[in-house]
Amino acid sequence: MQVEAGFLTNIRHKTLIEASSAALSASQKAVAERIPHEMLLMDLYNALRPLDSITGATTTDDILNLIFSTFCIGK
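A quick note: this is a predicted structure, and the numbers were derived from the prediction, not measured. (Residues numbered from 1 in each chain as written. Predicted model: local features only at pLDDT ≥ 70, side-chain atom pairs only at ≥ 80, totals over all residues. Heavy atoms only, no water.)

Overview of the overall build of the protein chain
The test is simple: Comment: elements are numbered from the N terminus, with helices defined as DSSP H or I runs of at least four residues and strands as E runs of at least two. Only protein chains enter the accessibility calculation, which uses a 1.4 Å probe; a residue is then buried when its area is under 20% of its type maximum, exposed when over 50%, and partly exposed in between. Whether two residues touch is decided by their heavy atoms; if any such pair falls within 4.5 Å, the residues are in contact.
Check the secondary structure of the protein chain and you find three helices and zero strands. The helix and strand sequence of the protein chain, counted from the amino end, reads α-α-α. Out of the 75 residues in the protein chain, the part that is buried amounts to 19%. Residue pairs at least 24 apart in sequence account for 50% of intrachain contacts in the protein chain once pairs closer than 6 positions are excluded.

Side note on helix H2 (residues 37-55)
Filter applied, for reference: The length a helix should cover is 1.5 Å for every residue beyond the first.
In this model H2 runs 26 Å from its N-terminal to its C-terminal C-alpha over 19 residues, within 8% of the 27 Å that 1.5 Å per residue would give. Within the sequence span of H2, burial applies to Leu40, Leu41, Asp43, Tyr45, Ala47, Pro50 and Asp52. Once H2 ends, the next one or two residues include Gly56, with phi positive near 70°.

Points about the confidence of the model for the protein chain
Heads up, the rule is: Summary of the metric used: pLDDT quantifies the predictor's per-residue confidence within the range 0 to 100.
For the protein chain, the average pLDDT comes to 83, and 88% of its residues sit at 70 or higher. Of all secondary-structure elements in the protein chain, the lowest mean pLDDT belongs to helix H3 (residues 60-70), at 73, while helix H1 (residues 11-32) reaches the highest, 93.

Examining H1
Formally: Regarding the arc, it is the one traced by the directions from the helix axis to the C-beta atoms.
With 22 residues, H1 should reach 32 Å at 1.5 Å per residue; the first-to-last C-alpha distance of 32 Å fits that figure. All of the buried residues along H1 are Leu16, Ser20, Ala23, Ser27 and Ala30. What you see down the axis of H1 is that its buried residues fit within an arc of 70°, all on one side. Exposed and facing more than 90 degrees away from the buried side of H1 are Ile11, Gln28, Lys29 and Ala32.

Here you go:
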């Protein structure tokens, strides 16, 4: 993996990026520990949410539609 150098000039953005990075680390650990994909999706959602606070790109409905499209909840 190639890492690009950069810097953040806004402390709020820095905090949000750190939160997103921590959630991505949790998702990597979940994959390694074979945690069910429903729980992995929550980790990924927790990584995306802080980034969306910066960009405003994804809504909660987008995430819920993605989650519920991948598995069936009791019928």
